[in-house]
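Each chain is listed here by its residues.
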2 protein chains.
Amino acid sequence: VRAGVRTPDVISLHPGTAGGFDIRVGLGVIDRLASILKEEAPAHRYAVIADRNVAELHGSRIGRLLETGGLDAEFFDFTPGEASKTRAVWATLTDALLEHGFGRDCCIISLGGGVAGDLAGFVAATFMRGVAFVQIPTSLLAMIDASIGGKTGLDVPGGKNLVGAFLQPRVVLTDPSFLATLPEREFTAGVAEAVKHGMIASERYLEEIEANTDSIRRRDERTILELVRGSVRIKSEIVGDDVLEAGRRAILNFGHTIGHAIEHVLDYTLPHGFAVAMGMVVESGIGETVGITAPGTRRRLEAALHRLGLPTAAPPGIDAQSIVAATGMDKKARASRVRYALVSSAGSCRPGTAGRWTVEVPDAVVLDALRNRPAPVSQETTDV
Amino acid sequence: VRAGVRTPDVISLHPGTAGGFDIRVGLGVIDRLASILKEEAPAHRYAVIADRNVAELHGSRIGRLLETGGLDAEFFDFTPGEASKTRAVWATLTDALLEHGFGRDCCIISLGGGVAGDLAGFVAATFMRGVAFVQIPTSLLAMIDASIGGKTGLDVPGGKNLVGAFLQPRVVLTDPSFLATLPEREFTAGVAEAVKHGMIASERYLEEIEANTDSIRRRDERTILELVRGSVRIKSEIVGDDVLEAGRRAILNFGHTIGHAIEHVLDYTLPHGFAVAMGMVVESGIGETVGITAPGTRRRLEAALHRLGLPTAAPPGIDAQSIVAATGMDKKARASRVRYALVSSAGSCRPGTAGRWTVEVPDAVVLDALRNRPAPVSQETTDV
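Remember, predicted model here, so these are calculated numbers, not experimental data.

### Things to note about the overall build of chain A
Each helix and strand counted, chain A has 15 helices and twelve strands in total. Evaluated residue by residue, chain A yields a buried proportion of 61% over its 384 residues. In chain A, the share of contacts with a sequence separation of at least 24, taken over all contacts with a separation of at least 6, comes to 75%. Only carbon and sulfur atoms are counted for the fraction: they give 49% of the accessible area of chain A, which is about 14,400 Å².

Structure follows, in structure tokens:
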């Protein structure tokens, strides 16, 4: 375990041997932006990359914080949405930085959700062979998932995130007060990844979520701070152990093999978190069938997701066979075989034979789990 | 010093803490391609990236070696020349790999000169966030320079190599027997980088070059093997000390600040090595003027380059002022000031004040060094 807690609001992540960095988690941590940058990512100039919505919402505040801190910064924006995670937008941003005279001694800051992080991160990873990078996640998904792990990426005709690079930021500023302005649907989708973290690594954290579903949905400030802090700790610990995805990090894919397949079949019209919620339920069912997951796990998960406003089964219109077919296209398919990261019980994953964290599952089992929607709970929540 | 010699033909490079890799230098080492790949870069499938000329010259032999070794390989080619080092060609190659079903467990092999290495390396660095990479350099420049150091890159409208990534290969197969088919001009240009290695790090190596200019020009097999081996050792040692270009590695830029500026002014019609030869002469002059370089160094360098068939001064038609202006566009300009890596004498660089390996030089000094073509030797060789 390489991730530790230094002060109440600093979670240090030490990915591999490359030196660590801090994730500063706290309400109002953004107000210390300039001093944190001077300490953790000193640079000649700063380029803030954000989509136009986020730039409009938070740009002037961030700009003021940088300016009063005496830092030279410029903003570069892009059209909101996953459709901007392309080589074309990456090229446009890179060329804009060059035109504005940014050099190797600059620092690139992503301000926004997962798209901004992936896109700005890939700009930073490839700009003059890599420059300093800082993340300011503003969505729940970005705070507890996308900003931790050093993944950057673009979508290409062949699939999502098939082009990219690993790049660890110098520091992440995670301020849950940004979540006040997040649309309901996007907030709820983010909660699915928090549930996932509980499912794969901490029954105690899962229990806290189960005990606080109402105050999570109300976005009670202290509850959300604890939710974010707990999730950041779990993901940091898993990533710190396995930066390059050689082993245990695979458990973060729980719910994602089916989730990605559902997203693909629905042409990415569904929020990622909703697909992950569905995927976790199906994969719990798969696990119970093959004897890896403790009986009752799927039921418990469905109940929790339901109370959080998350779906628990794929929309009825989708053909199960098409979802199975889509799993084969997942980039985690190594040597062309689909493997699943399954939980052993709510809050725990264990490696299987030969120390592997994933298993191959026959298509028939996957089909059964997809078709078998046993709980009445799940049927009420297919309306996504 | 982290680079060492294990057996006569294996030079191990340990860049940073990330684990080392071997550069296998030897006549006929390519014949062991399949067994070396199985050992150093085992993969599900291999993608060989080469320009069409190199693919035509060496493709069938490489293909046979892979096939008889039982390895699954496919070839992907591109139009020869620096003009292929673009985001468009990178995208085309990446999409072709995806269409052919290559996944995270593949290995990308660059076969060719610097362009193939930079381009295939950037494909490997960004394909599914990075896959295994192997280099088979076929030009002298690629063998002794481009294949060592982990640099990959593309040219963009703003300049050369402004987009890229650091990626260390799993292994480099350096077989000087490929050099037999290299065009004269390209071979000679490569020798300039060998001279540079002597100038910055080993007077003994420089003396060997000076003593063997004729057999180098004749491409005597044993002489070329020693030339390549010596150069690979010097560059490996420098890069192994300083993978991310934080310090001493800057000495590899000797001759390159002026060299790149000349290339830029001539719109890249000059072979890189020719520009570096000119740049080294001018920068030796600069160093002598500012008192960093021992008197007589420029003269000695000019004589050696001349005997090797390399130019020693910028073509007479170029305006010195335009070269100085172009130095300001070099991406090594940090905080907008141009710095030079200068030798203290033939075979040695020393850090200056504050431990820095580069110095700022007033434009007037650079202009003088550019205009001042003192030696008769240099005037005979401006015809490039």
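Additional details are given in the paragraphs that follow.
### Topic: the pairing of strand S6 (residues 106-112) of chain B
All names here are of chain B. Most of S6 sits inside the fold, with seven of its seven residues counted as buried. As paired strands, strand S4 (residues 45-51) and S6 are joined by five bridges and run parallel to one another. Note that in S6 the partner of Tyr-46 across the bridge is Cys-107. Examined bridge by bridge, S6 and strand S7 (residues 132-137) share six bridges and lie parallel to one another. Residue Ser-110 lies in a different strand from S7, and its bridge partner there is Gln-135.

### Focus on the packing of helix H11 (residues 272-290) of chain A against helix H14 (residues 363-371) of chain A
All names here are of chain A. One can describe the packing of H11 onto H14 by two numbers: an axis separation of 9 Å at closest approach and a directional angle of 125°. In this view, H11 runs oblique relative to H14, as classed from their interaxial angle. Crossing of H11 over H14 shows right-handed handedness. Contact residues: H11 offers Val-282, Gly-285, Ile-286, Thr-289 and Val-290, while H14 offers Val-365, Val-366, Ala-369 and Leu-370. Class assignment of the residues belonging to the contact of H11 with H14 gives a composition of seven nonpolar, two polar and no charged.

### Some remarks on helix H4 (residues 114-126) of chain A
Residue and element names in this part refer to chain A. If you check H4, its first and last C-alpha atoms are 18 Å apart, about what 13 residues at 1.5 Å a residue would give, namely 18 Å. Counting buried positions along H4 yields twelve of 13 residues, so the element is predominantly enclosed. Every buried residue of H4 is listed here: Val-115, Ala-116, Gly-117, Asp-118, Leu-119, Ala-120, Gly-121, Phe-122, Val-123, Ala-124, Ala-125 and Thr-126. Count one or two residues on from H4 and you reach Met-128, which has phi positive near 50°.

### With respect to the relation of the copies chain B and chain A
Superposing chain B onto chain A requires a rotation of 180° together with a translation of 0.0 Å along the rotation axis, leaving an RMSD of 0.0 Å. Taken together, these values place the two copies in the relation of a two-fold axis.

### A word on unusual backbone geometry
Residue and element names in this part refer to chain A. A positive phi angle, near 65°, is found at Arg-129, a position not held by glycine. Among the structural elements, Arg-129 can be located in the loop between H4 and strand S7 (132-137). Even without a glycine there, the phi angle at Asp-267 is positive, about 55°. For Asp-267, the location among the structural elements is in the loop between helix H10 (256-265) and H11. Overall, the relative accessible area of 60% leaves Asp-267 in the exposed class.

### Re the interface of chain B and chain A
Facing 33 residues of chain B, the contacting portion of chain A comprises 33 residues. Taken together, the links from chain B to chain A amount to eight residue pairs in polar contact (both at pLDDT 80 or more). Sorting the residues of the side of chain B that touches chain A by element identifies helix H3 (87-99), helix H4 (114-126), strand S8 (151-156) and strand S9 (159-166) of chain B as the ones contributing at least two each. Grouping the constituent residues of the side of chain B that touches chain A by class yields 14 nonpolar, nine polar and ten charged.

### Observations regarding the pairing of strand S10 (residues 171-174) of chain B
Residues and elements named next belong to chain B. Residues Val-171 and Leu-173 of S10 are buried on one face, and the alternating residues Val-172 and Thr-174, pointing to the opposite face, are buried as well. Pairing of S7 with S10, which is carried by two bridges, proceeds in the parallel orientation. Note on S10: the bridge partner recorded for Val-134 is Val-171.

### Comments concerning the packing of aromatic side chains
The full count for this structure, using the stated rule, is five aromatic pairs over all chains. Centroid distance A:Trp90 to B:Trp90: 5.1 Å. Interplanar angle 55°. Geometry classified as tilted. Separated into two different chains, A:Trp90 in helix H3 (residues 87-99) and B:Trp90 in helix H3 make up a pair that spans both. We note that A:Trp90, like B:Trp90, is buried. Centre to centre, the rings of B:Trp90 and B:Phe122 are 5.3 Å apart; their planes meet at 45°, and the pair counts as tilted. Of the two residues, B:Trp90 sits in helix H3 while B:Phe122 sits in helix H4, which places them 32 residues apart along the sequence. Grouping aromatic residues by their ring pairs yields a cluster made of A:Trp90, A:Phe122, B:Trp90 and B:Phe122. Cation over ring: A:Arg45 sits above A:Phe102, and NZ or CZ is 4.0 Å from the ring centre.

### A closer look at the pattern of salt bridges
As a working rule, side chains carrying opposite charge can pair if their charged atoms are close by. Taken as a whole, this structure holds 40 salt bridges over all chains when the rule is applied. Connected through salt bridges with shared partners, the residues A:Glu82, A:Lys85, A:Asp118, A:Asp155 and A:Lys160 form a single ionic network.

### Describing the confidence of the model for chain A
Predicted confidence across chain A gives a mean pLDDT of 89, with 89% of residues reaching 70 or more. The low-confidence segment residues 374-384 of chain A (pLDDT under 50) makes 27 contacts with residues lying over four places distant or belonging to another chain.

### Quick notes on the environment of B:Val171
Residue and element names in this part refer to chain B. Note on placement: Val-171 falls in strand S10. Overall, the relative accessible area of 0% leaves Val-171 in the buried class. Here the alpha-carbon distance between Val-171 and Phe-21, two residues 150 residues apart in the chain, equals 5.6 Å. Dropping the residues within four chain positions of it, Val-171 is found in contact with Phe-21, Asp-22, Arg-24, Ile-36, Glu-40, Phe-133, Val-134 and Gln-135.

### Quick look at the side chain of A:Thr138
Looking at where A:Thr138 falls in the secondary structure, it is placed in the loop between S7 and helix H5 (140-146). Not counting residues up to four positions away in its chain, the partners in contact with A:Thr138 are A:Val54, A:His58, A:Leu111, A:Gly112, A:Gly113, A:Met143, A:Phe178, A:Leu179 and A:Leu182.

### Quick notes on the side chain of A:Thr257
Tracing the backbone through its elements, the reader meets A:Thr257 in helix H10. In this structure, A:Thr257 is in contact with A:Glu283, A:Thr327, A:Val338, A:Arg339 and A:Tyr340, ignoring residues within four places of it in sequence.

### Focus: the packing of helix H7 (residues 203-211) of chain B against helix H12 (residues 297-307) of chain B
Residues and elements named next belong to chain B. For the pair H7 and H12, interaxial distance at closest approach is 10 Å and the crossing angle is 40°. Taken together, the axes of H7 and H12 are oblique relative to one another. H12 is crossed by H7, and the crossing has left-handed handedness. Listed contacts from H12 to Glu-203, Leu-206, Glu-207 and Glu-210 of H7 are Arg-300, Ala-304 and Arg-307. Classifying every residue of the contact of H7 with H12 gives two nonpolar, no polar and five charged.

Reading the values: the criteria
- Residues numbered from 1 in each chain as written.
- Chains lettered and ligands numbered in written order.
- Predicted model: local features only at pLDDT ≥ 70, side-chain atom pairs only at ≥ 80, totals over all residues.
- Heavy atoms only, no water.
- Helix = DSSP H or I, 4+ residues; strand = E, 2+ residues; numbered from the N terminus.
- Buried < 20%, exposed > 50% of the residue type's maximum accessible area, 1.4 Å probe, protein only.
- Contact = heavy atoms within 4.5 Å.
- Areas by Shrake-Rupley, 256 points an atom, 1.4 Å probe, with all protein chains shown as cover.
- Pairing = 2+ DSSP bridges.
- Axes fitted to C-alpha atoms, helices over the stretch in contact; angles between N-to-C directions.
- Parallel < 35°, antiparallel > 145°, perpendicular 65-115°, else oblique.
- Left-handed = near helix turned anticlockwise from the far one by under 90°.
- Nonpolar A, V, L, I, M, F, W, Y, C, P; charged D, E, K, R; others polar.
- Expected span 1.5 Å × (residues − 1).
- Least-squares fit on C-alpha atoms with pLDDT ≥ 70 in both.
- Polar contact = N/O pair within 3.5 Å; in protein donor to acceptor, adjacent residues only side chain to side chain.
- Phe/Tyr/Trp six-rings, centres within 6.5 Å; stacked < 30°, edge-to-face > 60°.
- Lys NZ or Arg CZ within 6 Å of the ring centre and 35° of its normal.
- Salt bridge = Lys/Arg side-chain N within 4 Å of Asp/Glu carboxyl O.
- pLDDT = per-residue confidence, 0-100.

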